[in-house]
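Architecture and fold: a report
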Amino acid sequence: MASGILVVFNQEGGRVRRVAYEMLSLAQKLAPGSITALTFGEGADQVREAVGRYGADRVILLSSPTYHRYSSDGFAQAVAQAVEAVDPEALFFPANAWGKDLAPRVAGLLGAGLASDCTEVHRREDGRLGAIRPIYAGKAYARVAIDSPRQIFSLRPNIQAVEESGRAADVLTVDPGLDASSFQAVVSEVIQSQGGQMELTEADIIVSGGRGIKAPENFKVLEDLAEAVGAALGSSRPVADEGWVPHSYHIGQTGKVVSPTVYFAVGISGAIQHLAGISGSKYIVAINNDPDAPIFKAANYGIVGDLFKVVPALANEVRRIKQ
Ligand code: FAD
């Protein structure tokens, strides 16, 4: 009988994103059955110790040149073969761009149900897994049950605390026997985003600017706060549409959905389309000079004031405390 959880994640050069540890920590809570980690690419061999520390009993490391460049169809076939070898009850993928691309293809290949972008996965009374995921652009949450024997979940980053288990993961050798030349689509080049900032969907703190910043050169004020608090930078849609910041900064219904611990909304009015992308934030701190701005209804902390005075003062205070 299928048991345990297969946690599939991306890594670069041995650098594992925190969401992988979050998925392993969640799997620890939900198992019975063993937890198997699966990753791809150059540097995969370096992750064994780390994944063991966060709960993997076994790890499949597909590090051969076949897997050096991402291929949706190729990697999906490899995961499907790993599933045959491991026979897990469920698969976890990160709900980042990589996982959102791969998980549905794996679900299609396996004929398994998929619940995407989950904010919670739990064990139900009938012993099967269930999930909670946002719907209607974060306005409501749906409880999801998957009827197929195999269940697949993609998990939003920053929804689960990481917990060390002190395990040592054994390497499980699985050779899917695939040839990269048969892959239908392969990523040929990855161009780093401007400034090389951390991926917004995985950031723990975000400083985000809206039209209230008035001009692109004023974004420096936000960069200063972001540097002081160790945050990634984001923006509302008009700011990205104007070309004041790269499009990768755009957060909201038509942009990125983020789930940081702290989200600073600076000079952002709080339109429903923007809120759709930030409802998973633990704390929203709004800075706006209009006390009636809708963002204050969504915020946990609000500062009514001119951002050009409030933000530098905040950055200076953070630096003072850190000294
Ligand atoms: P504004 O609404 O103009 O707000 C600027 C705010 O700055 C105001 O509240 C003002 O009080 C404040 N301000 C001004 N000066 C200062 C100052 N000196 N100090 C402090 N505060 C100041 N928007 C998104 O963000 N993301 C999306 O994904 C998105 N998708 C959309 C999809 C559709 C189909 C549509 C129709 C719209 C979408 N929008 C989206 C646009 C959205 O409706 C809003 O127009 C947009 O979010 C407003 O951006 P903003 O808050 O930066 O600007």
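The structure presented is a predicted model; accordingly, all values stated were derived computationally and were not measured.

**Here's the deal with the packing of helix 3 (residues 72-86) against helix 4 (residues 97-110)**
A pair of packed helices is characterised by two quantities: the angle between their axes and the separation of those axes. Close contact between helix 3 and helix 4 brings their axes to 9 Å; oriented N to C, the two are set at 55 degrees. It follows from the interaxial angle that helix 3 and helix 4 lie oblique. As for the relative orientation of helix 3 and helix 4, their crossing is right-handed in sense. Of the residues in helix 4, those in contact with Ser 72, Asp 73, Phe 75, Ala 76, Gln 77, Val 79, Ala 80 and Val 83 of helix 3 are Trp 98, Asp 101, Leu 102, Arg 105, Val 106, Leu 109 and Leu 110. Of the residues assigned to the contact of helix 3 with helix 4, the class counts are ten nonpolar, two polar and three charged.

**A short note on the site of the ligand**
Taken together, the neighbourhood of the ligand is formed by 26 residues, with Arg 211, Lys 214, Ser 236, Ser 269 and Asn 288 sitting nearest. A distance of 2.9 Å separates an oxygen atom of the ligand from a polar side-chain atom of His 250. Of all elements in the fold, only helix 6 (237-241), helix 7 (272-275) and helix 9 (307-322) reach the threshold of two or more residues within the shell around the ligand.

**Things to note about helix 5 (residues 219-229)**
Taken together, the buried positions of helix 5 are occupied by Phe 219, Leu 222, Leu 225, Ala 226, Ala 228 and Val 229. In the core, the buried residues of helix 5 are packed alongside strand 13 (205-209), strand 14 (232-235), helix 6, strand 15 (262-266) and helix 9. One or two steps after helix 5, the chain reaches Gly 230, where phi turns positive at roughly 70 degrees.

**As for the nonpolar core**
If you look at the biggest cluster of nonpolar residues, it comprises 33 residues, and the most contacted ones within it are Val 7, Phe 9, Leu 24, Val 51, Phe 92, Val 121 and Phe 153. In terms of residue count, the dominant contributor to this core is helix 1 (residues 18-30) (eight residues). Val 8, Phe 40, Phe 93 and Ile 152 belong to the second-largest nonpolar core, a separate cluster that totals 27 residues.

**Focus on helix 3**
For helix 3, which comprises 15 residues, the first-to-last C-alpha distance of 21 Å matches the rise-based estimate of 21 Å (1.5 Å per residue) to within 8%. All of the buried residues in helix 3 are Ser 72, Asp 73, Gly 74, Phe 75, Ala 76, Ala 78, Val 79, Ala 80, Ala 82, Val 83 and Val 86. Those residues of helix 3 that are buried lie in contact with strand 1 (5-9), strand 4 (35-40), strand 5 (58-62), strand 6 (90-94) and helix 4. Of the residues one or two after helix 3, Asp 87 is the one with positive phi, at around 55 degrees.

**Considerations on the UniProt feature "binding site: FAD" (unreviewed entry) in the chain**
Feature annotation in UniProt places "binding site: FAD" (unreviewed entry) on Arg 211, Ser 236, Arg 237, Gly 267, Ile 268, Ser 269, Gly 270, Ala 271, Ile 272, Gln 273, His 274 and Asn 288, given in this structure's numbering. Looking at where Ser 269 falls in the secondary structure, it is placed in the loop between strand 15 and helix 7. Judged by its relative accessible area of 43%, Ser 269 is partly exposed. Beyond its immediate stretch of four places on either side in the chain, Ser 269 contacts Asn 288, Ala 293, Pro 294 and Ile 295. Structurally, Gln 273 can be placed in helix 7. Among all residues touching Gln 273, those that are not within four sequence positions of it are Gly 252 and Gln 253.

**Quick word on the sheet that holds strand 9 (residues 129-135)**
Sheets are built from strands paired through backbone hydrogen bonds, the pairs being either parallel or antiparallel. Read from one edge to the other, the open sheet built from three strands follows the order 8-9-10, with strand pairing classed as antiparallel. Of all strands in the sheet, those with a lone pairing partner are strand 8 (120-123) and strand 10 (140-145), marking the two edges. Sheet twist, expressed as the average angle between the axes of neighbouring strands with direction ignored, equals 25 degrees. Relative to strand 10, strand 9 runs antiparallel, the two sharing six bridges. Bridged to Ile 132 within strand 10 is Arg 143.

**Looking at the side chain of Thr 66**
With respect to the helices, strands and loops of the structure, Thr 66 is situated in the loop between strand 5 and helix 3. Leaving out residues up to four positions away in the same chain, Thr 66 has contacts with Leu 178, Asp 179, Ala 180 and Phe 183.

**Brief notes about the environment of Asp 57**
Considering the arrangement of structural elements, one finds Asp 57 in the loop between helix 2 (48-53) and strand 5. In sequence terms Asp 57 and Ser 34 are 23 residues apart; their C-alpha atoms lie 6.1 Å from each other. If sequence neighbours within four positions are ignored, Asp 57 has contacts with Ser 34, Ile 35, Arg 167, Ala 168, Ala 169 and Asp 170. Here Ile 35 takes part through its backbone nitrogen, which lies 2.7 Å from a polar atom of the side chain of Asp 57.

**Considering the sheet that holds strand 12 (residues 170-171)**
Overall, parallel pairing links the seven strands, which are arranged 7-11-6-1-4-5-12 in an open sheet. Two strands bound the open sheet, and with one partner strand each, they are strand 7 (113-118) and strand 12. Of the strands in this sheet, strand 1, strand 4, strand 6 and strand 11 (151-155) are in contact with helix 1, which crosses strand 1 at around 175 degrees.

**Brief notes about the pattern of salt bridges**
Tallied over the full model, the rule gives 13 salt bridges. Between Glu 89 and Arg 123 there is a salt bridge whose closest N-O contact spans 2.8 Å. Of this pair, Glu 89 sits in the loop between helix 3 and strand 6 while Arg 123 sits in strand 8; the two residues are 34 residues apart in sequence, bridging distant segments of the chain. Residue Glu 89 is classed as buried on the basis of its relative accessible area of 12%. Here Arg 320 ties to Glu 317 by a salt bridge, and the two come within 2.7 Å at their closest N and O atoms. Taken together, the positions of Arg 320 and Glu 317, both in helix 9 and three residues apart, correspond to about one turn of that helix.

Cut-offs applied
- Residues numbered from 1 in each chain as written.
- Predicted model: local features only at pLDDT ≥ 70, side-chain atom pairs only at ≥ 80, totals over all residues.
- Heavy atoms only, no water.
- Axes fitted to C-alpha atoms, helices over the stretch in contact; angles between N-to-C directions.
- Helix = DSSP H or I, 4+ residues; strand = E, 2+ residues; numbered from the N terminus.
- Parallel < 35°, antiparallel > 145°, perpendicular 65-115°, else oblique.
- Left-handed = near helix turned anticlockwise from the far one by under 90°.
- Contact = heavy atoms within 4.5 Å.
- Nonpolar A, V, L, I, M, F, W, Y, C, P; charged D, E, K, R; others polar.
- Near = heavy atom within 4 Å.
- Polar contact = N/O pair within 3.5 Å; in protein donor to acceptor, adjacent residues only side chain to side chain.
- Buried < 20%, exposed > 50% of the residue type's maximum accessible area, 1.4 Å probe, protein only.
- Core = buried A, V, L, I, M, F, W, Y, C linked by side-chain atoms within 4.5 Å.
- Expected span 1.5 Å × (residues − 1).
- UniProt positions renumbered as here; feature names shortened; annotations may be inferred.
- Pairing = 2+ DSSP bridges.
- Salt bridge = Lys/Arg side-chain N within 4 Å of Asp/Glu carboxyl O.

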